[in-house]
Each structure stands twice: as structure tokens, then as C-alpha cells.
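Analysis of the macromolecular model
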Amino acid sequence: MFIVQKKLSAVLLGVASTFLIAAVTGLTPSAMAAASVAGLPDFTDLVEKTGAAVVNIRTTEKAKVSPDNVASEDEEMQEFFRRFFGAPVPPRQQQPAPRGRNKPDADADEEVPRGVGSGFIISSDGYVMTNAHVVDGADEVYVTLTDKREFKAKIIGADKRTDVALVKIEGSNLPRLTVGDSNKIRVGEWVIAIGSPFGLDNTVTAGIVSAKARDTGEYLPLIQTDVAVNPGNSGGPLINMRGEVIGINSQIYSRSGGYMGISFAVPMDEAMRVSDQLRASGKVTRGRIGVQIGEVTKDVAESLGLTRAQGALVQRVETGGPAEKGGIEAGDVILKFNGAAIERASDLPRMVGSTKPGTRSTITVWRKGAMRDLPLTITELEPEKVAQKAEKKAKVEQVANTLGLIVSDLTAVQVKELKIDGGIIVESAEGSAARAGLRAGDILLRLNNTDIKDARQFNGLVAKLDVKKTTLLLVRRGDSSQFVTVKPHAQ
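Residues numbered from 1 in each chain as written. Predicted model: local features only at pLDDT ≥ 70, side-chain atom pairs only at ≥ 80, totals over all residues. Heavy atoms only, no water.

1. Quick word on helix α12 (residues 455-463)
What counts is decided by this rule: Partly exposed residues are those whose accessible area sits between 20% and 50% of the maximum for their type, while under 20% is buried and over 50% is exposed, using a 1.4 Å probe and protein chains only. Starting at the N terminus, helices and strands are each numbered in turn, a helix being any DSSP run of H or I of at least four residues and a strand any DSSP run of E of at least two. Directions from the helix axis toward the C-beta atoms define the arc. Definition of a polar contact: a pair of N or O atoms within 3.5 Å, with one able to donate and the other able to accept a hydrogen when the atoms are protein atoms, and with sequence-neighbouring residues admitted only if both atoms are side-chain atoms.
Ala455, Phe458, Asn459 and Val462 are the residues of α12 that are buried. One face of α12 carries all of its buried residues, which in axial projection span an arc of 95°. Two to three positions downstream of the cap, the backbone nitrogen of arginine 456 sits 3.3 Å from a side-chain oxygen, assigning the N-cap of α12 to aspartate 454.

2. A look at unusual backbone geometry
The backbone of asparagine 338 shows a phi angle near 50°, a positive value even though the residue is not glycine. The residue asparagine 338 is located in the loop between β17 (333-337) and β18 (340-341) in this model. Look at asparagine 338 and you get partly exposed, because its relative accessible area is 42%. Non-glycine residue lysine 368 carries a positive phi angle of around 55°. By secondary structure assignment, the location of lysine 368 is in the loop between β19 (360-367) and β20 (370-377). On the basis of relative accessible area, lysine 368 is assigned to the partly exposed category, the value being 38%.

3. A look at empty space enclosed by the protein
Operational definition: Here a cavity is any set of points on a 1 Å grid over the protein atoms alone where a 1.4 Å probe fits but cannot get out, and a pocket is any open set with protein on both sides within 12 Å along at least 5 of 7 lines; a residue lines the site when it has an atom within 4 Å of a point. Grid points are joined across faces, edges and corners, and a volume is the space filled by probe spheres set on the points. Just so you know the grouping, Ala, Val, Leu, Ile, Met, Phe, Trp, Tyr, Cys and Pro go in nonpolar, Asp, Glu, Lys and Arg go in charged, and all remaining residues, Gly too, go in polar.
Going through the model one piece at a time under the given rule, you end up with one cavity of 30 Å³ or more. Quantified by volume, the largest cavity comes out at close to 60 Å³. In terms of lining, the largest cavity is formed by Val54, Val55, Asn56, Thr144, Leu145, Thr146, Lys148, Gly195, Ser196, Asp201 and Asn202. Element by element, the count of residues in the lining of the largest cavity is highest for strand β1 (residues 54-65), at three residues. For the lining of the largest cavity, a count of residues per class yields three nonpolar, six polar and two charged.

4. As for the packing of aromatic side chains
Put simply, the rule reads: Planes of paired rings set the category: under 30 degrees apart is stacked, over 60 is edge-to-face and the rest tilted, where pairs are Phe, Tyr or Trp rings (Trp by its six-membered ring) whose centres lie within 6.5 Å. Look at NZ for Lys and CZ for Arg. If either is within 6 Å of the ring centre and within 35 degrees of the ring normal, a charge sits over the ring.
According to the stated counting rule, one finds one aromatic pair in the structure shown. When the ring centre of tyrosine 142 is taken as origin, the NZ or CZ atom of arginine 58, which lies over that ring, is 4.4 Å away. Here lysine 168 stacks its cationic end above the ring of tyrosine 127, 5.4 Å away from the centre of that ring.

5. Side note on the environment of glutamine 292
Our working rule: The contact criterion used is simple: two residues touch if any of their non-hydrogen atoms lie within 4.5 Å.
Residue position: glutamine 292 is located in strand β15 (residues 291-295). A relative accessible area of 29% places glutamine 292 in the partly exposed class. Each C-alpha atom, one on glutamine 292 and one on serine 480, is 7.4 Å from the other, the two residues being 188 residues apart in sequence. Ignoring any residue separated from it by four or fewer positions in sequence, one finds glutamine 292 in contact with Leu313, Val314, Gln315, Arg316 and Ser480.

6. Points about helix α6 (residues 268-281)
The criterion, for reference: Expected helix span is taken as 1.5 Å per residue step, with the number of steps being one fewer than the number of residues.
With 14 residues, α6 extends 20 Å from end C-alpha to end C-alpha; this agrees with the ideal 20 Å at 1.5 Å per step. All of the buried residues in α6 are Met268, Glu270, Ala271, Val274, Ser275 and Leu278. For α6, the arc enclosing every buried residue in end-on projection is 150°, short of the 170-degree limit, so these residues lie on one face.

7. Focus: the pattern of salt bridges
Convention followed: Salt bridge, as used here, is a side-chain nitrogen of Lys or Arg placed within 4 Å of a carboxyl oxygen of Asp or Glu.
Applying the stated criterion across every chain yields a total of 16 salt bridges. Notably, a salt bridge pairs arginine 149 with aspartate 147, separated by 2.8 Å at the nearest N-O pair. We classify arginine 149 as partly exposed; its relative accessible area is 39%. We classify aspartate 147 as partly exposed; its relative accessible area is 43%. For the salt bridge of aspartate 451 with arginine 446, the shortest nitrogen-to-oxygen distance reads 3.3 Å. We classify aspartate 451 as partly exposed; its relative accessible area is 34%. Arginine 446 gets classed as buried once you look at its relative accessible area, which sits at 3%. Each of Glu329, Asp332 and Arg367 takes part in one network of salt bridges that share partners.

8. Observations regarding the nonpolar core
Selection criterion: Nonpolar core, defined: a set of buried Ala, Val, Leu, Ile, Met, Phe, Trp, Tyr and Cys residues in which side-chain atoms within 4.5 Å join the residues together.
In this structure, Phe120, Met129, Val164, Ile248, Val266, Met268 and Ala271 are the most contacted members of the largest nonpolar core, which totals 26 residues. Among the secondary structure elements, those contributing two or more residues to this core are β3 (127-130), β6 (164-168), β8 (190-195), β12 (244-252), β13 (263-267) and α6. The residues contacting methionine 268, other than those within four sequence positions of it, are Phe120, Met129, Val179, Gly180, Ser182, Val245, Ile246, Gly247 and Ile248.

9. What to know about the confidence of the model for the protein chain
Note: predicted coordinates in regions of low pLDDT should not be interpreted at a detailed level. This is how it is decided: Known as pLDDT, the predictor's per-residue confidence is scaled from 0 to 100.
Taken over all residues, the pLDDT of the protein chain has a mean of 80, while the share at 70 or more is 76%. Per-element confidence in the protein chain ranges from a low mean pLDDT of 46 for helix α4 (residues 70-85) to a high of 97 for strand β11 (residues 237-240). A low-confidence stretch, residues 1-13 (pLDDT under 50), is modelled with zero contacts involving residues beyond four sequence positions or located in other chains.

10. Section: the environment of asparagine 249
Turning to its location among the elements, asparagine 249 is positioned in strand β12. Classification of asparagine 249 as buried rests on a relative accessible area of 2%. Spatially, the C-alpha atoms of asparagine 249 and glycine 236 are 5.5 Å apart, while their sequence positions differ by 13 residues. Beyond its immediate chain neighbours, meaning those up to four positions away, asparagine 249 contacts Asn131, Ala193, Val229, Asn233, Ser234, Gly235, Gly236, Pro237, Leu238, Phe264 and Ala265. Among the polar contacts listed, one links the side chain of asparagine 249 to the backbone oxygen of proline 237, at a separation of 3.1 Å.

In C-alpha cells, the structure reads:
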């Protein structure tokens with residue numbers, strides 16, 4: 001009797017566990033049971049739950065029809081579809097010319113196909129999210145639902161920096177996807193993609209999350225997966241096992257034009273921030289501070305006294321920009337933005353970009369072995385101004401040194417044009433300096449943690465260098481500054 005009760009308890013516990021897992025994943029107990037037998041997840045209920053909200057997007061453009069281009073137009077479209085969508089589009093059927101006319105009207109506009117992509121509905125009143133590159137340059141956008149209803153869509157806005165676009169169709173009570181929290185995804189969890197690869201509607205592929213926060217763009221910490229994504233999948237949803245969209249399938253790594261095992265998706269937290277702005281104003285506003293930055297390498301970190309390679313190295317400060325007004329200098333390492341740590345250089349533009357222009361912020365920098373907080377006001381991102389290069393002036397003094405550099409003092413005119421307080425100019429570079437990439441015309445601003453005032457002081461510092469240690473030079477070339485490591489040689 002005891003054995004029977006023990007077995008019954010185990011069965012009841014197993015049933016309870018199945019229903020608990022089903023409640024979490026959104027799958028039915030029968031689907032979970034089938035999955036447990038097979039040892040793999042069952043996506044059938046998940047696809048039924050989410051598939052209706054995934055749409056096909058096709059775009060067209062208006063082209064001038066003239067006697068000269070009619071013959072070649074079909075060939076061009078065939079080549080376009082062959083290269084980007086993997087299959088030829090059926091040739092256009094020739095229509096009989098009206099009586100009395102043998103040639104088409106040279107001024108006529110004809111709607112021709114541009115491309116095919118995917119999207120998904122995020123609100124029951126018809127807002128559809130897709131990629132910016134899917135609708136870029138389109139004159140008309142058509143959205144087709146799984147029940148074959150087709151709508152002419154209006155482009156609300158598109159943001160090329162994140163590759164997110166929002167379009168609107170007229171409808172009500174439309175099926176929609178639930179937006180998930182992309183910050184909670186875990187490497188190794190199962191996900192599916194639904195879209196129209198090569199124009200094949202409602203195609204489902206599955207895989208796992210391979211990596212998070214993959215740096216492939218200035219503002220995009222992308223989700224990397226091994227879900228099969230091909231041309232035409234662009235703009236479709238990446239869906240977790242709870243039926244929530246956690247990303248927009250956007251890019252693939254490929255040498256052939258087709259899927260090669262790696263795909264990338266825009267995280268939904270970023271996509272929703274963009275779409276909210278597009279919905280409100282039709283554009284995206286980002287903050288900026290006016291700096292050009294680079295990565296902090298291990299050698300640079302050690303030379304500057306940082307415990308590890310972290311932060312964003314300031315290579316150039318825009319004249320008159322927020323950073324200059326706040327006291328940021330070329331050669332600073334930005335470690336924090338409003339108290340949040342900058343682990344990699346790519347973290348900074350994302351943090352600043354998501355900050356509303358006009359916001360008073362605090363930048364923490366590492367300068368000459370110490371941290372300091374600098375206040376500044378964020379301005380709106382716009383195309384950066386291209387500063388003019390200072391002209392090289394006549395030589396003043398030449399002295400050789402153990403770095404392989406011949407340098408001279410800057411003239412008063414050069415100092416004024418460059419808007420710097422000190423520094424020297426490289427007249428020639430050889431040996432270690434040349435191998436490090438230094439060349440005539442470079443401006444040297446700092447040696448390790450010491451500002452360079454003139455050629456005499458610089459050569460005196462170089463003479464005292466330990467030839468067994470790497471030397472760090474802050475070098476300005478044109479409008480940019482960066483650290484360069486040079487190994488002294490014994491004389």
C-alpha cells in the first residue's frame with residue numbers, strides 16, 4: 001500500500017509540474033508532454049498563438065516609363081530579385097498598346113516592385129513595426145495579414161541608426177504581439193522567428209540566443225541567435241517561449257548573401273523607445289556631447305594607471321560643443337555617465353543618445369592618474385562639423401631622441417590655430433616611432449601623464465625613459481587625438 005501511494009504521489013507531482021511549466025511557457029500540457037517525450041521544445045501552440053500578428057510587407061516605387069527603358073526594365077528587376085531575394089520575379093506581362101500608339105508615354109509613371117520584408121503588429125489599431133531598410137525609399141507600402149487581407153500602409157517614421165520603422169494600417173481589433181523585456185533574455189534560451197524569407201510568407205524557424213549585447217552598431221547592442229534568417233525575414237519578430245516579441249530580426253552574417261548560422265535582432269527595449277518617438281513626432285531625437293572616442297586598450301590602461309581596460313578614450317573634442325564647455329579634454333578616459341559605468345567605448349553613445357537634449361549631466365573622467373567629475377548639458381545630435389586642419393609651419397629646432405623622433409616647437413600661429421596650450425610637432429619619425437604609426441606633421445601633446453610644453457622639455461623626458469617599458473604618447477593628427485604606444489630603443 002505504501003508503494004502504491006508513493007507512486008501515486010510521484011504521478012500527481014509530475015502532472016502538477018507539467019501544468020506549472022505549461023502556465024509559464026504558454027504551451028498546453030499536451031504540447032509539453034510531447035516535447036518531454038521528444039526531448040525538444042514543441043513550438044506548435046506558440047506559432048498558433050503568435051503567427052496571426054506577423055505580416056508580409058512589400059514595397060513599390062514609381063518609375064518613369066520611357067521608350068528607352070521599357071526593354072531593359074524587366075531585366076533589371078530580374079537581376080534585383082535574383083541578388084537580394086534568391087529567386088526571380090515573374091516577368092511582367094506585355095499589354096497590347098492602345099490603337100494608334102506603338103510606344104509608351106514617355107511621361108508615364110509605373111509602380112514597380114522594390115522589395116519584400118516582414119513586420120509585426122504591436123497594437124490592435126494597426127501600428128506595425130519593421131526595419132527601416134525594408135521601407136527605405138519606398139513610394140508605397142503594402143501590408144498583408146495571414147488571412148490574406150491587404151492594406152496600404154502609411155510610413156509613420158523610420159530611424160536608420162537603429163534600423164527601426166513604424167507604419168500604420170487602418171484597422172481595429174487586429175491581432176497583436178505582446179512586447180517582452182529584452183533585458184531579461186538569457187543566452188541559451190529557445191526563440192523562434194516568423195517572417196517571409198525569399199517571399200515565402202509565414203515561415204517559422206527556431207534556435208537559441210547565442211549572445212547578448214553584441215556590438216555591431218553605434219547605438220545597437222544586438223541580440224545574436226542561431227535562428228535561420230534570410231532576405232525577406234528582415235523586420236519580422238524574434239519571439240521567446242512565452243509568446244513575447246523580444247527583438248526585430250535585422251541582420252545576418254553572410255559571405256554568400258544567405259544564412260550562414262548567425263543572425264542578429266534589434267532588442268525590443270530599444271525598438272520601443274524609438275517607435276514611441278516615431279509615433280509622437282515622426283522622428284527620433286538623441287543627445288550628444290561632441291566628442292570622438294575610441295577603445296581603451298590594455299596597454300593604454302596600464303600606461304595611464306587604470307586597473308583594467310575600461311571606459312571611452314576621448315580622441316577629439318568638438319570646438320564649442322558641450323564636452324569642451326564642460327572641461328573634457330582629448331586624452332581623457334570617460335569612466336562614468338551620470339554615475340553609470342562605461343565598460344566599453346560603445347556604451348557612451350548609447351547612454352548619451354538616450355538622454356533628452358537639455359539635460360544636465362555629469363561625466364566622470366580619468367585624467368593624469370585621478371578621477372574628476374565634470375558637469376555638462378546635453379545637446380541634440382546633429383551632423384558633426386568638420387574642423388579644418390592647421391597648416392604646417394616652418395621648422396624651429398630639431399633634436400633627435402631615443403623614440404626615433406625629430407621634433408620641433410610650435411609657432412605662436414600654430415598654437416592659436418590648433419587652440420592648444422602646448423605641444424610639439426613631429427618633423428620626422430623612424431625606428432620605433434615609425435613602426436607605431438607616427439609621421440611628420442603629428443602633434444605630440446602628452447608623454448605618459450606629463451603635458452608637453454616644448455621640444456627641449458620633451459627630449460629631456462625621453463632621455464630619462466626606461467627602455468624596458470612602453471611609452472605612451474598623446475598624438476593629435478588633424479582633428480583627432482589618440483594614444484600611441486612606443487618602445488624606446490637604447491642608444
